[in-house]
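Notes for the structure review
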Amino acid sequence: MGGTHIGSAADGGVTLGTDGNLYGTTKAGGAHNYGTIFMITTGGDLTTLHEFNGTDGAFPTAPPIQGSDGYFYGTTWQGGAVTGTVYRMAPTPPYSITSYSLPGFAYPTAPLMQATDGNFYGTTSGGGAYGYGSVFQMTSKGKLKTIYSFDNVNGTIPKAALIQGSDGNFYGTTSAGGSDLTACGGNGCGVVFQLTPGGKIKILHDLNGTTDGSDPLGGVLAASDGSLYGVTAVEATTGDGTLYQLTPQNKNFIFSVPFTFSRLTSGRYPQLTLLQHTNGVVYGDTGEGGTITEENGGPFTGTGTFYSFSEPGMKPFAGLVSTTGKVGDRVGILGQGFTGTTSVSFGGTPATYNVVLDTYLEAVVPAGTTGLVSVVTLSGTLNSNKPYRVTPLVKSFSPSSGPVGTSVTIKGTGLINTTKVTFGGVLATSFTANSDTEVTAAVPTGAKTGRIAITTPGGIATSATSFTVTP
């Protein structure tokens with residue numbers, strides 16, 4: 001990819017959109033040479049959607065992700081009011097973009113991730129309170145805040161995306177730092193960490209730079225056997241890197257290194273987050289190494305390898321193309337052995353479906369519960385490795401006004417598991433989820449004129465208009 005207005009240096013990967021197209025960024029090129037956002041069809045037709053101008057961001061190094069609201073969200077390494085931005089792009093023409101930043105924000109290089117609370121989370125490789133990087137949160141409305149600043153001892157320079165575990169906590173790596181700042185050239189060897197949404201950190205493992213490895217440039221993978229897996233780019237014995245495993249045990253994790261890379265065979269310098277196929281096998285690549293070739297009469301290592309890794313507990317699973325949406329949305333599901341499928345369910349609620357290929361089917365989100373998606377095939381049941389969040393939607397309410405104590409009927413979808421109702425931000429102490437499409441709630445004491453909001457395990461839905469509280 002190259003040339004003005006098309007972009008160049010598209011080395012950040014792509015994201016699959018709900019429309020079936022692929023979305024990515026170039027970190028250079030475009031009208032201002034600050035990079036672009038592009039869309040490409042599976043047939044190879046490319047469209048430049050946005051050209052960064054420096055003010056709205058510059059040099060994006062990661063692809064955007066598509067949020068549950070359909071908009072695309074991403075980061076730029078530089079540009080904006082400070083050093084780097086987070087942007088929100090509309091999914092339809094003219095693909096308008098809004099960029100955000102905050103004081104102390106510096107060098108976000110990794111993709112964002114959307115958590116179960118509906119907010120977006122990411123890392124910066126610099127900035128924060130101490131200049132060693134940070135973890136930040138952004139709402140879909142663009143409100144940014146730093147939730148953790150790395151201090152070097154607990155890690156520095158996080159370069160990879162976070163993941164959210166089934167426990168609600170975030171997991172990630174820093175490429176340097178740690179308790180021994182004299183190791184690995186005086187920079188520290190890097191850490192694997194757990195972070196609560198409230199910003200409380202726990203170091204799961206301090207890399208030692210020798211048998212453990214160092215420089216974990218990629219993030220961690222939550223595999224179907226319940227363990228976390230990652231790679232380090234360097235290991236002291238061979239200098240070629242490791243593949244590590246963190247196995248949960250009670251409330252802790254046991255660290256081990258099931259594989260050490262060798263430049264002449266398996267490769268060297270693995271730098272990217274691992275990927276698990278729906279067949280259960282984990283895949284990755286290395287930046288250098290592999291088969292020996294000859295140059296000018298002497299041997300040198302190859303130019304990288306593509307490898308697979310598996311453990312007995314890595315079971316096949318159903319892979320969700322998207323993990324959140326409303327009742328009635330169509331969801332793509334990847335896997336194998338789908339021919340002859342007898343049922344698909346979301347959180348135990350049956351769904352209608354259509355088997356497109358033996359490895360792909362589409363299902364319609366049913367009224368019901370947020371939870372795992374199950375596909376019953378002729379050879380057994382495949383469960384999704386992530387829960388599907390059925391997001392609520394408020395369509396209407398009646399009456400439109402009334403005093404404290406008024407019973408209000410709220411209509412919508414995805415409401416059956418309502419956990420909270422508020423009127424103008426004031427919590428209703430009395431409400432009943434009558435069905436997936438209806439909730440009744442009493443206007444609480446102290447309620448203010450404002451919008452009605454409903455919270456479920458799948459997210460928060462807010463009414464389009466306000467309820468008027470009368471005397």
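Preceding block: the structure.
Now for a look at the structure at hand. If you're wondering where the values come from, they're calculated on a predicted model, not measured in any experiment.

Structural notes on the environment of N385
Position of N385 relative to the elements: it lies in the loop between β36 (380-383) and β37 (389-390). A residue is classified by how much of its surface remains accessible, and N385, at 38% relative accessible area, is partly exposed. When the C-alpha positions of N385 and T278 are compared, they lie 9.1 Å apart, and in sequence the two are 107 residues distant. In this view, N385 contacts F317 and A318; residues no more than four positions away in its chain are not counted.

Observations regarding the nonpolar core
With 17 residues, the main nonpolar core has V408, I410, V421, F423, I452 and F467 as its most contacted residues. With three residues, strand β46 (residues 459-469) is the largest single contributor of residues to this core. Those residues in contact with I452 that lie beyond four places of it in its chain are F397, V408, I410, V421, T422, F423, A461, T462, S463 and F467. A318, V344, L361 and V390 belong to the second largest nonpolar core, which has 16 residues in total.

Quick word on the packing of aromatic side chains
Throughout the structure, instances matching the rule amount to 18 aromatic pairs. Measuring from centroid to centroid gives 6.0 Å for Y171 and F253, while their planes differ by 70°, and the two rings are edge-to-face. Here Y171 is found in strand β16 (residues 170-174), whereas its partner F253 is found in strand β22 (residues 252-260), with 82 residues between them in sequence. Of the residues examined, Y171 reaches a relative accessible area of 4% and is grouped as buried. A residue is classified by how much of its surface remains accessible, and F253, at 17% relative accessible area, is buried. Ring centres of F423 and F467 lie 5.5 Å apart, and the angle between their planes is 80°; on these two criteria the pair is classed as edge-to-face. Linking F423 in strand β41 (residues 420-423) with F467 in strand β46, this pair joins segments that are 44 residues apart in sequence. Taken together, Y148, F150 and F193 form an aromatic cluster joined through their ring pairs.

Let's talk about the state of the cysteines
Counted under the stated rule, the structure contains one disulfide. Paired by a disulfide, C184 and C189 hold their sulfur atoms 2.0 Å apart. The chirality of the disulfide connecting C184 with C189 is right-handed, given an S-S dihedral of about 95°. Taking the relative accessible area as the measure of exposure, C189 reaches 2% and is therefore buried.

Description of the sheet that holds strand β32 (residues 349-351)
Taken in spatial order, the four strands of this open sheet run β32-β31-β35-β36, and their pairing is antiparallel. Each edge of the open sheet is held by one strand with a lone partner, namely β32 and β36. With direction set aside, neighbouring strand axes in the sheet form an average angle of 30°. Where strand β31 (residues 343-346) lies against β32, three bridges are found, and the strand directions are antiparallel. Among the inter-strand pairings, V344 is bridged to a residue of β32, identified as A351.

Here's the deal with the pattern of salt bridges
According to the stated counting rule, one finds seven salt bridges in the structure shown. In this structure, D240 and R263 form a salt bridge, with 3.0 Å as the shortest nitrogen-oxygen distance. Residue D240 is found in the loop between β20 (228-232) and β21 (242-249), and its partner R263 is found in the loop between β22 and β23 (275-276); the two are separated by 23 residues along the sequence. Look at D240 and you get buried, because its relative accessible area is 1%. Given a relative accessible area of 26%, R263 falls into the partly exposed group. Residues participating in the shared-partner salt-bridge network are D240, R263, R268 and E288.

Side note on the sheet that holds β20
Spatially, the four strands line up as an open sheet ordered β19-β20-β21-β22, and their pairing is antiparallel. Strands with a single pairing partner mark the edges of an open sheet, and in this sheet they are β19 (221-222) and β22. In terms of strand pairing, β20 meets β21 through five bridges, oriented antiparallel. Counterpart to L228 in the pairing with β21 is L246.

Here's the deal with unusual backbone geometry
For the peptide bond that leads from P93 to P94, omega is 10°, which places it in the cis range. Structurally, P94 can be placed in the loop between β7 (85-89) and β8 (97-100). S398 connects to P399 through a cis peptide bond whose omega is -5°. Structurally, P399 can be placed in the loop between β38 (393-398) and β39 (401-402). If you check the backbone angles, A9 has positive phi at about 65° while not being a glycine. Structurally, A9 is set in the segment before β1 (14-16). Within the chain, I157 stands out as a residue other than glycine whose phi angle is a positive 55°. Along the chain, I157 falls in the loop between β14 (144-149) and β15 (163-164).

Thoughts on the pairing of strand β2 (residues 22-26)
Within β2, four of the five residues are buried, which leaves it mostly tucked inside the rest of the structure. Both β1 and β2 contribute to a ladder of three bridges, which runs antiparallel. Note that in β2 the partner of L16 across the bridge is L22. What sits between β1 and β2 in their antiparallel hairpin is a turn of five residues, with G20 showing a positive phi close to 90°. Summarising the sheet, β2 and strand β3 (residues 36-40) pair through five bridges and their orientation is antiparallel. Directly across from Y23, in β3, lies its bridge partner M39.

Quick notes on the rules
Residues numbered from 1 in each chain as written. Predicted model: local features only at pLDDT ≥ 70, side-chain atom pairs only at ≥ 80, totals over all residues. Heavy atoms only, no water. Helix = DSSP H or I, 4+ residues; strand = E, 2+ residues; numbered from the N terminus. Buried < 20%, exposed > 50% of the residue type's maximum accessible area, 1.4 Å probe, protein only. Contact = heavy atoms within 4.5 Å. Core = buried A, V, L, I, M, F, W, Y, C linked by side-chain atoms within 4.5 Å. Phe/Tyr/Trp six-rings, centres within 6.5 Å; stacked < 30°, edge-to-face > 60°. Disulfide = S-S within 2.5 Å. Pairing = 2+ DSSP bridges. Axes fitted to C-alpha atoms, helices over the stretch in contact; angles between N-to-C directions. Salt bridge = Lys/Arg side-chain N within 4 Å of Asp/Glu carboxyl O.

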